[in-house]
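# Residue-level structural notes
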Amino acid sequence: PRKKPLVVVTRKLPDVVETRMRELFETRLNEADRPLSQAELVEAVKTADVVVPTVTDRIDSAVLSQAGPNLKLIANFGNGVDNIDVITANNRGITVTNTPGVLTEDTADMTMALMLGVPRRIAEGIKVLEHGEWGGWSPTWMLGRRIWGKRLGIIGMGRIGQAVARRAKAFGMSIHYHNRRRVSEAVEESLEATYWESLDQMLARMDVVSIHCPHTPATYHLLSARRLKLMKPEAYIVNTARGEVIDEAALIRQLDAGQLAGAGLDVFEHEPAVNPKLVASNKVVLLPHMGSATVEGRVDMGEKVIINIKTFMDGHRPPDRVLPSML
Ligand code: 8YV
């Protein structure tokens, strides 16, 4: 029988996923559950047929330049592929896949948690109780802002953007979006969504802005200092996509200056470092990149990775191939 492919997995995955991988492939796992060192990552691309990286592994052109002749597939455990230089991989004949679809609903749920959590001051309320500072109910104390009846502007109307739109509509928000392409009429109608060709114009009119686009060279600092200034001082920002899409320093300045009401952030520009000014701010709810972090979701992601590897090894086009043209 044909030799099983050597699959190197960079991080600890759920047990059921690792067990299945061991059955199917010659699998090298990382039991330590810390990111591989640069040297270990290079060793992986040198020896493996397939590498399974995560968001914490940077597979850039320098790493790829050391890839061995066997490396044919990078099966990312995750949706965003900004950790991988897809163009260089493609040029070297290495296929890249991701795990779309299975983390859509979980990420949309977490987005709603932030979208409610910031205006309704959930983190502040929890802190008051934890510090034993609750002096009792008052009609005018700890008042937040309602999201019901407000305008939500979604940047990036793909799977996750649409899943957020469905939820937000049920919460009584009106749905607006900016996207490279307009979505189908059927989707627009079902969400009662308004398309804004101009991101600038949309930003100026929204009460809440939520980011659901990938991080690519084109979306790096899409919410720049200039664009953040277009937003209403009463508006909120939610980001469960990638920290790099917002100019974080500019965001902090806008919050400090009272030019933005608040932000709910699950992702940061320099993870795992979080700007101490954000941590100190009472206008934010911050989470450590937990958008897709459910037990079920992680297993589903692992299964997607396995299907991609298996399909590829059987000589077919893997279902979740990422092409440079898709970025
Ligand atoms: C994961 C994510 O935590 O899929 C993504 O793009 O950001 C998260 O779901 C991470 O990417 C796993 O590699």
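Residues numbered from 1 in each chain as written. Predicted model: local features only at pLDDT ≥ 70, side-chain atom pairs only at ≥ 80, totals over all residues.

## Considerations on the overall build of the protein chain
- When helices and strands are tallied, the protein chain shows 13 helices and 12 strands.
- For a compact globule of 327 residues, the expected C-alpha radius of gyration is about 20 Å, and the protein chain comes in at 21 Å, within 12% of that figure.
- Expressed along its principal axes, the backbone C-alpha trace of the protein chain runs to roughly 75 × 50 × 30 Å.
- With 327 residues in all, the protein chain has 41% of them scored as buried. (Helix = DSSP H or I, 4+ residues; strand = E, 2+ residues; numbered from the N terminus. Rg over C-alpha atoms; globule rule 2.2 N^0.38 Å. Buried ≥ 20, exposed ≤ 12 C-beta atoms within 10 Å, placed from the backbone.)

## Concerning the UniProt feature "domain: D-isomer specific 2-hydroxyacid dehydrogenase catalytic" (unreviewed entry) in the protein chain
- In the numbering adopted here, UniProt assigns the feature "domain: D-isomer specific 2-hydroxyacid dehydrogenase catalytic" (unreviewed entry) to residues 8-322.
- Segment residues 8-322 splits into 37% helix and 13% strand. End C-alpha atoms: 19 Å apart. (UniProt positions renumbered as here; feature names shortened; annotations may be inferred.)

## Some thoughts on the domain arrangement of the protein chain
- Splitting the protein chain by domain gives domain 1 (6-100 + 294-326) and domain 2 (104-286).
- Taking only C-alpha atoms into account, the centre of domain 1 sits 31 Å from that of domain 2.
- Across the boundary between the two partners, domain 1 contributes five residues, which contact six residues of domain 2.
- Taken together, the residues of the side of domain 1 that touches domain 2 sort by class into one nonpolar, three polar and one charged. (Domains from an automatic or database assignment. Contact = placed C-beta atoms within 7 Å. Nonpolar A, V, L, I, M, F, W, Y, C, P; charged D, E, K, R; others polar.)

## Regarding the environment of Leu 260
- Mapping Leu 260 onto the fold places it in the loop between α11 (248-256) and β11 (262-265).
- Note on Leu 260: 23 C-beta atoms within 10 Å, which makes it buried.
- Each C-alpha atom, one on Leu 260 and one on Thr 95, is 42 Å from the other, the two residues being 165 residues apart in sequence.
- With residues up to four places along the chain from it excluded, the contact list for Leu 260 reads Leu 228, Met 231, Pro 233, Ala 235, Ile 237, Gln 254 and Leu 255.

## A few points about unusual backbone geometry
- With an omega of 5 degrees, the peptide bond running from Glu 271 to Pro 272 counts as cis.
- Along the chain, Pro 272 turns up in the loop between β11 and α12 (276-280).
- Within the chain, Arg 121 stands out as a residue other than glycine whose phi angle is a positive 60 degrees.
- Here Arg 121 is to be found in the loop between α5 (104-117) and α6 (122-130).
- By C-beta crowding, Arg 121 is classed as partly exposed, having 19 other C-beta atoms within 10 Å.

## Quick look at the nonpolar core
- Residues Ile 175, Val 208 and Ala 263 are the most contacted members of the largest nonpolar core, which totals 49 residues.
- At five residues, the largest contribution of residues to this core is made by α5.
- Other than its neighbours up to four places away in sequence, Ile 175 contacts Leu 152, Ile 154, Ala 165, Ala 168, Lys 169, Leu 191, Glu 192 and Ala 193. (Core = buried A, V, L, I, M, F, W, Y, C linked by C-beta atoms within 7 Å.)

## Some thoughts on the site of the ligand
- Taken together, Thr 54, Val 55, Phe 77, Gly 78, Asn 79, Gly 80, Leu 103, His 289, Gly 291 and Ser 292 make up the full set of residues adjacent to the ligand.
- Residues that form the shell around the ligand fall into these classes: three nonpolar, seven polar and no charged. (Near = placed C-beta within 6 Å.)

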